[in-house]
Amino acid sequence: AAASRVFAFRDARWAPDPVLEPGAAVRTPQPVPLVIDNGSFQTRAGWASPDPAVPAEPLLRFRSLAARSRGARGGAGAETQVGNDLGSPEPLRWLLRSPFDRNVPVQLELQELLFDHVFQRLGVASQGCVDHPIVLTEAVCNPLYSRQMMSELLFECYQVPKVSYGVDSLYSFYHNRRQNWPCSGLVISSGYQCTHILPVLEGRLDAKNCKRINLGGCQAAVYLQRLLQLKYPGHFAAITLSRMEEILHEHSYIAEDYIEELQKWRSPEYYENNMHKMQLPFSNKLLGSTLTSEEKQERRQQQLRRLQELNARRREEKLQLDQERLDRLLYVQELLEDGQMDQFHKALVELNMDSAEELQSYINKLSLSVEQTKQKILQAEVNIEVDVVDSKPETPDLDPLGSEQSLEDVESINEFEPLFAEEQPEVEKPVAAVQPVFNLAEYHQLFLGTERIRAPEIVFQPSLIGEDQAGIAETMQYVLERYPKEQQAILVQNVFLTGGNTMYPGLKARVQKELLETRPFQSSFQVHLASSPVLDAWYGARDWAVEYMTREEGWITRKDYEEKGGEYLKEHCASNVYVPIRLPKQAPRTTEALAPSRALTSSTGNPCEQA
């Protein structure tokens, strides 16, 4: 059971998206709409057509990221990679750029790169323009400036015939409608950057009472990364955001009662039964190999030979260097013996010596060092064959002048010393498995205990990461209290959960528990989870595009863009509420209003005239 709870990180690399060839049904009898779910975490794109030959699923799914390298000096220019072409985000983490600020696109040059990638990989072959209608998702209560820039990009750069904007969570809400579902409900949408509480009354979004929590999957991944980096400082670099997202997706869950769940984790038995071990990648070269004892013996002999050759070469280099120094000192001593005192004192200054006694001391030490090195070389040539088991490589003596080289010899020998001492002489005895003292695989394991519930809990308790915001339960209660009791009862009959951050096991039960604690006694409510919280937004947008393909409702044409501006929005069942820009009109300045100012000017004009 313990071994079954050891999970290895997949560290999956993204496969580049192929260039698809659209079928004839995409362009005949007229170009079908192109549906793009423009999410801050992932972009999904595909065709919306009632023809069975056209796949009713997104053909492209890639992260909404782009990286632009600076290029080599004097070589090719900068290279831009988008989405799955990045391969893996971690090596390029410092180069990654996203067009989103929270969940609102603000960097339109990066958004253009994402659109180019979508149109190229889907095989849009029209020259100079994209002749397909575009259905695009946008943020709840999207700022007019962001929509204006997006419309300008689509109409001016890509020359699209018409475009429709909608809210991703409302598309998911209408995609999951059933026959007995009411048209009203409370949508809880939790994504990568934000969590929204959206009341829907009579099929339309009540934008005035929408609330946003600036917490999502991104903040949970960063919080989990900090927790594990503090817990395992030795694996700081290996605890990456990509691996934290994998832990959140596959090993985390929402506690129905957070305090009670923490009390359970205090029990050692509960901890052992529910703890997950995440295996980090490591090199097993230091672990016991499957080589036989003869192969190990041969490998150690080869290592010893290489070590002996290395030491012999170092001794020869040391001997040559010491001999050159000794010859230099003997030459200076000969100057003293010949009586050339001026040259002798000049040579002493160059050698940084003060007297002839100091010179003689260095000559004696170098002579002794040269003799010792010659003896070691002779001894090494005699003792070439060494028994690996019974003997160890000789540690060279440390002498005063050659201490630097000798220390290197000792360090190089000590590196191989555990290898020589590891193998003991084999004696016939009962076979007993010798367990290593240090388990390298276990050292590279991350033990996930309460971290499995602490990271996802931040959407209910933002104070865990120091955020001064209300959680989902408090925000949901705040939104409901803005309505009369009759409308509250209608909204809670259809509490709908959607978004990638709602896929934690136990989230539905947690929301039911929070509603049970806040709703009146014996009142009823229902909580529903989207059939596919990640893809239902695209499926809902496709359903809407197929239904309204030949209608004018919800579509912004190029004529509307030119007449009413880029911020213009045609509302539909899954769109935002359009609030046009109202600039205050300046009141015209009348002659009566100008008279007092003129009188004041004349009264405060020339002081001489006043006198």
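Refer to the preceding data block for the structure.
Residues numbered from 1 in each chain as written. Predicted model: local features only at pLDDT ≥ 70, side-chain atom pairs only at ≥ 80, totals over all residues. Heavy atoms only, no water.

**Quick look at the environment of Leu351**
Spelled out, the test is: Numbering of helices and strands starts at the N terminus; helices are DSSP runs of H or I of at least 4 residues and strands are runs of E of at least 2. Using a 1.4 Å probe on the protein chains alone, a residue whose accessible area is under 20% of its type maximum counts as buried, one over 50% counts as exposed, and one in between counts as partly exposed. Residue contacts follow a heavy-atom distance rule, with two residues in contact if any of their heavy atoms lie within 4.5 Å.
By the element assignment, Leu351 lies in the loop between α9 (341-350) and α10 (356-382). Overall, the relative accessible area of 25% leaves Leu351 in the partly exposed class. When the C-alpha positions of Leu351 and Val332 are compared, they lie 9.7 Å apart, and in sequence the two are 19 residues distant. The contact partners of Leu351, leaving out residues within four places of it in the chain, are Arg328, Leu329 and Val332.

**Notes on unusual backbone geometry**
Among all residues save glycine, negative phi is the norm, and among peptide bonds the norm is trans. Residue Pro29 is reached from Thr28 by a cis peptide bond, and omega for that bond is 0°. Tracing the backbone shows Pro29 in the loop between β1 (6-8) and β2 (34-38). A positive phi is found at Cys141, a non-glycine position, where the angle reads about 50°. Residue position: Cys141 is located in the loop between β10 (134-138) and α2 (144-157).

**Section: the nonpolar core**
Stated precisely, the cut-off is as follows: The definition of a nonpolar core used throughout is a set of buried Ala, Val, Leu, Ile, Met, Phe, Trp, Tyr and Cys residues joined through side-chain atoms within 4.5 Å.
Core analysis: the biggest nonpolar cluster contains 48 residues, and Ile188, Leu228, Ile247, Leu446 and Val511 have the highest contact counts within it. Of all the elements, helix α4 (residues 217-231) adds the most residues to this core, at six residues. By size, the runner-up hydrophobic cluster in this structure holds 36 residues, among which are Val32, Phe62, Leu110 and Val130.

**Comments concerning α9**
Definition in use: What the arc covers is the set of directions going from the helix axis to the C-beta atoms.
For α9, every residue scored as buried is listed here: Phe344, Ala347 and Leu348. Down the axis of α9, the smallest arc covering the buried residues is 105°, so these residues share one side. What points out from α9, more than 90 degrees from its buried face, is the exposed set Asp342, Lys346, Val349 and Glu350. Turning to α9, the residues buried within the fold contact α8 (293-337) and α10.

**A word on the pairing of strand β16 (residues 276-279)**
To be explicit about the condition: Any two strands between which DSSP finds at least two bridges are classified as paired.
What you see with β16 is no split at all: His276 and Met278 on one side and Lys277 and Gln279 on the other are buried throughout. Here β16 pairs with strand β17 (residues 445-448) via four bridges, running antiparallel. By the bridge assignment for β17, Met278 is matched with Leu446.

**Considering the sheet that holds β1**
Spelled out, the test is: Angles shown run from 0 to 180 degrees and are taken between the N-to-C directions of axes, each axis being a line fitted to C-alpha atoms and, for helices, limited to the stretch in contact.
The strand order across the open sheet formed by three strands is β1-β16-β17, and the pairing between neighbours is mixed. Of all the strands in the sheet, just β1 and β17 have a single pairing partner and so form its edges. Within this sheet the neighbouring strands show an average axis-to-axis angle of 30°, counted without direction. Together, β1, β16 and β17 form the strand contacts of helix α5 (residues 241-251), whose direction differs from that of β16 by roughly 145°.

**Focus on the packing of α4 against α5**
Which entries qualify depends on this criterion: Roughly parallel covers angles under 35 degrees, roughly antiparallel covers those over 145, roughly perpendicular covers 65 to 115, and oblique covers all other angles. The classification used treats Ala, Val, Leu, Ile, Met, Phe, Trp, Tyr, Cys and Pro as nonpolar, Asp, Glu, Lys and Arg as charged, and all other residues, Gly among them, as polar.
Between α4 and α5, whose axes approach to 9 Å, the crossing angle comes to 110°. By the angle between their directions, the pair α4 and α5 is classed as roughly perpendicular. Residues Gly217, Ala220, Ala221, Val222, Leu224, Gln225 and Leu228 of α4 form the contact with α5, whose own contacting residues are Leu241, Met244, Glu245, Ile247 and Leu248. Class assignment for the residues of the contact of α4 with α5 results in nine nonpolar, two polar and one charged.

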